[in-house]
Amino acid sequence: MAPRVLVFWVLTFAQLYFGHCSFGADHLKDYVVDSGSVHHKNWMRQEMMDPNGLYWLQWWINVDENDVHFEVTVNTRGFIGLGFSKDGRMSKADLVLLWVDDRTGQANALDCHGSQYPSNGAPIQDDTQNYYIVNGTQNLTHTNIMFKRKIETCDPFDIPLTADSFKILWSFGDEDPVHGSLDRIGHGQNRGFKSMHLYSPMFQKNSVIKDESAIQKWDITVNNVTVEPSMDTLYWCKIVQLPELTKKHHIIGYEALISRSGTSNANIVHRMTLFECQSKSFSGSDSSSWDIWVRSSGTICNSNLLTPRDWDSCSTPVAVWSPGSKGQFLPSHAGIPMGGSSGVKYYMLEIHYDNPNGKRIVDSSGIRIHYTHHLRSNDAGILVSGVSISDTQLIPPGQKLYRNVGICGPSCSSEMFPKDGIKIISGALHSHEAGRKMSLRHVRDDKELKRIIEEDNYDYRNQQTHQLINETVIMPGDYLITDCAYETKRRKRPTFGGYSTKHEMCLSFITYYPKIEMSACYSMTPVREFFEMFGVYQFYSLNMTDVENLFLYNGNLNNYMPNTIASKTKQNMENMTQDDIIYAESLLNKLFISEPVEFHDRSFLSHLIQLPWHEPLFTKRVEQEFINGKHMTFCSVSNDSISIPSEIIKFPIFTAFVKPATTCLNYLLLDNRELRSKGSTHVANFTLSLFLIKFAFRNTVLL
């Protein structure tokens, strides 16, 4: 083997094995500490783009120079394609073609964009070249190219690289491109896309585990849970006992164990959460019951009939997984505590199965915990914030974008946060099928600070953890606001908060340190205000206090309602669709209006369906009333010696954070998708127009 080829293979193996490479001598320290908060720097990410390890991508961001550096290592001597898209389609993508010339050995980059018409057409070369080669080589089998571009190029054919989720397109072929003949490029089956956050460091196992012998694994799985075709949604809970750990340890990361007994299993597991259980939370609890539950296979969660009351104490998350996630590994200065004489002994694994296609699945999925006896400098925790899961969360039908907000307010932060605050390491945003935009907002002293997480391209099928480059400090008295926007253009009936993916959620799972005795901080529209918003003041056989108790404490409607009224709520469910059944079983469909008289004998759900949701002014008023009106806030603590009552507050008044204005004039005047649809001639004419405007303006000022 030639020396040059040998050196190339050694370097490639080292990069792939150790998970990093170096672009300069300054990449020696990976973080700095400023005012007690960590700012990660010089981080580098690596991703295997295809299932077979033929295409590897690495990148790092130099914010000071507005640059993103990339490196691709691909099993080909032909071309390599890389692209950025919001929806995974090539027709709206920002593309670059890369190759090493077989004759000259020179590395090349060709800046392109996807053809809009036809949508499956060949890439079109940009008028301006914004991708620049740093280095490139190839051997007998592989090509390795390093290149860079600006974060924002001001080129209408380039997509600004932001903190949003992107679909990263990848492809490769056997031959180099022929100049002027991009339509002859062929990639066959060697193409695909992967959803990623480019701005997220995403600590990986090989970057946080230095001594494998010091790391232990704890696999927590269910055993052959059967999901029947009739089960559209199933939540299954299993109690497990911690391994014997006499001394305190730290959880440093976790990942999913998805059962592969069937080809569709990965799709049916929608979310998994591992909770700590406070086994002595309830008076009269028998500690021996926990050992019995450990030996059982589990049961349906949140069931008044099947779920033991003691399981309500399992409320503090330590691991959260959703589709598209790789789990999470924590940075080297933080770990989630486990074990020791005073540590938690029992945990609960909750798995949400989403089965819209009505398949029979037998599943044994779960979570793998990585932990160590080498303690980090900070105890970390996970808390949940957002909108309480309830029918009072409403998204009208036919909406292009409709917002809900959940508040964690001073009643929690002032009471529970330490005087120096908590520091957020990462966050995972969670909604269901209608979710389109989500953000975690931060308000202090009547002013909104920079968004902690902002996701304008949310995809519920790819819910990755946002690892923060700069940890955010939340002080006592601060507000955390989870802000969610939904699209329901094709829905004919309202969507409510709930546990099925046909319902909606608006949640943030926040990893932070130092750990506090709080598991959740969230809000909901007060029950009375929710009904009065739509002009309803009374129901048959129920006063508003009864209705509030039904919603707040998951009560049984039959305990409040006589048989004569209850018979109205029973419907024949034969020949109903799954959506029809969900609506028929809704609590809102079983509440019959008695006041005002013009609505009497209607169920509240049928009343909502008849409202003029197609009227934009009406819908906007409802949205703003729910956002700016009253919110009932809850602070859920894991220590039963602490009690914080719920509180009804108004949405805080503050100066909203405004992103710095773009310096790219063409983004201000024209949507770049329009440019894509017209082609290079349109761009040339538009650029000339900008020049003439600038020239005329300058001469006007001189006059």
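First, a word on scope: everything that follows refers to the structure included in this document. Treat the numbers as computed from the prediction; the structure is a model and nothing was measured. (Residues numbered from 1 in each chain as written. Predicted model: local features only at pLDDT ≥ 70, side-chain atom pairs only at ≥ 80, totals over all residues. Heavy atoms only, no water.)

## Details of the state of the cysteines
The line we're drawing: Here, a disulfide means two cysteine sulfur atoms that sit within 2.5 Å of each other. What counts as a helix is a DSSP run of H or I of at least four residues, what counts as a strand is a run of E of at least two, and both are numbered from the N terminus.
Under the defined criterion, the tally for this structure stands at five disulfides. Disulfide partner of Cys 408: Cys 521, at an S-S distance of 2.0 Å. Between Cys 408 and Cys 521 the disulfide shows an S-S torsion of about 100 degrees. By sign, it is right-handed. Taken together, the residues span a long stretch of sequence, with Cys 408 in strand β28 (residues 402–408) and Cys 521 in strand β37 (residues 518–524) at a distance of 113 residues.

## A word on the nonpolar core
To keep things clear, this is the line we draw: What we call a nonpolar core is a set of buried Ala, Val, Leu, Ile, Met, Phe, Trp, Tyr and Cys residues that are connected through their side-chain atoms within 4.5 Å. Here the term buried applies to any residue with accessible area under 20% of the maximum for its type, exposed to any over 50%, and partly exposed to those in between, with areas from a 1.4 Å probe on protein chains only. Any pair of residues with heavy atoms lying within 4.5 Å of one another is described as a contacting pair.
Judged by nonpolar contacts, the single largest core of 63 residues is most densely connected at Met 518, Phe 531, Phe 534, Phe 539, Val 547, Leu 588 and Phe 604. Residues within four places of Phe 534 in sequence aside, it is in contact with Leu 394, Phe 599, Phe 604, His 607, Leu 608, Leu 611, Trp 613, Val 622 and Phe 626. Counting 57 residues, the second-largest nonpolar core is a separate cluster that includes Val 222, Leu 245, Trp 293 and Tyr 346.

## Some remarks on the pattern of salt bridges
Note the cut-off: Each salt bridge in this description consists of a side-chain nitrogen of Lys or Arg and a carboxyl oxygen of Asp or Glu lying within 4 Å of one another.
Under the definition given, this model contains 28 salt bridges. Among the ionic pairs, Arg 149 bridges to Asp 94, the shortest N-O distance being 2.7 Å. Here Asp 94 lies in strand β7 (residues 94–100) and Arg 149 lies in strand β11 (residues 143–150), a separation of 55 residues in the sequence. The same class applies to Arg 149 and to Asp 94, which are both buried. One connected set of salt bridges, linked through shared partners, spans Arg 403, Arg 441, Glu 448, Arg 451, Glu 454, Asp 456, Asp 483 and Lys 659.

## Observations concerning the sheet that holds strand β12 (residues 165–172)
Rules: Strands are labelled as partners when DSSP assigns at least two bridges between them.
Judged by pairing direction, the sheet is antiparallel, and its six strands sit side by side in the order β9-β8-β7-β6-β12-β13 without closing on themselves. On the outer flanks of this sheet lie β9 (124–125) and β13 (191–197), each paired with one strand and no other. The sheet contact formed by β12 and β13 spans seven bridges and is antiparallel. In the sheet register, Phe 166 faces β13, and the bridge partner there is Met 196.

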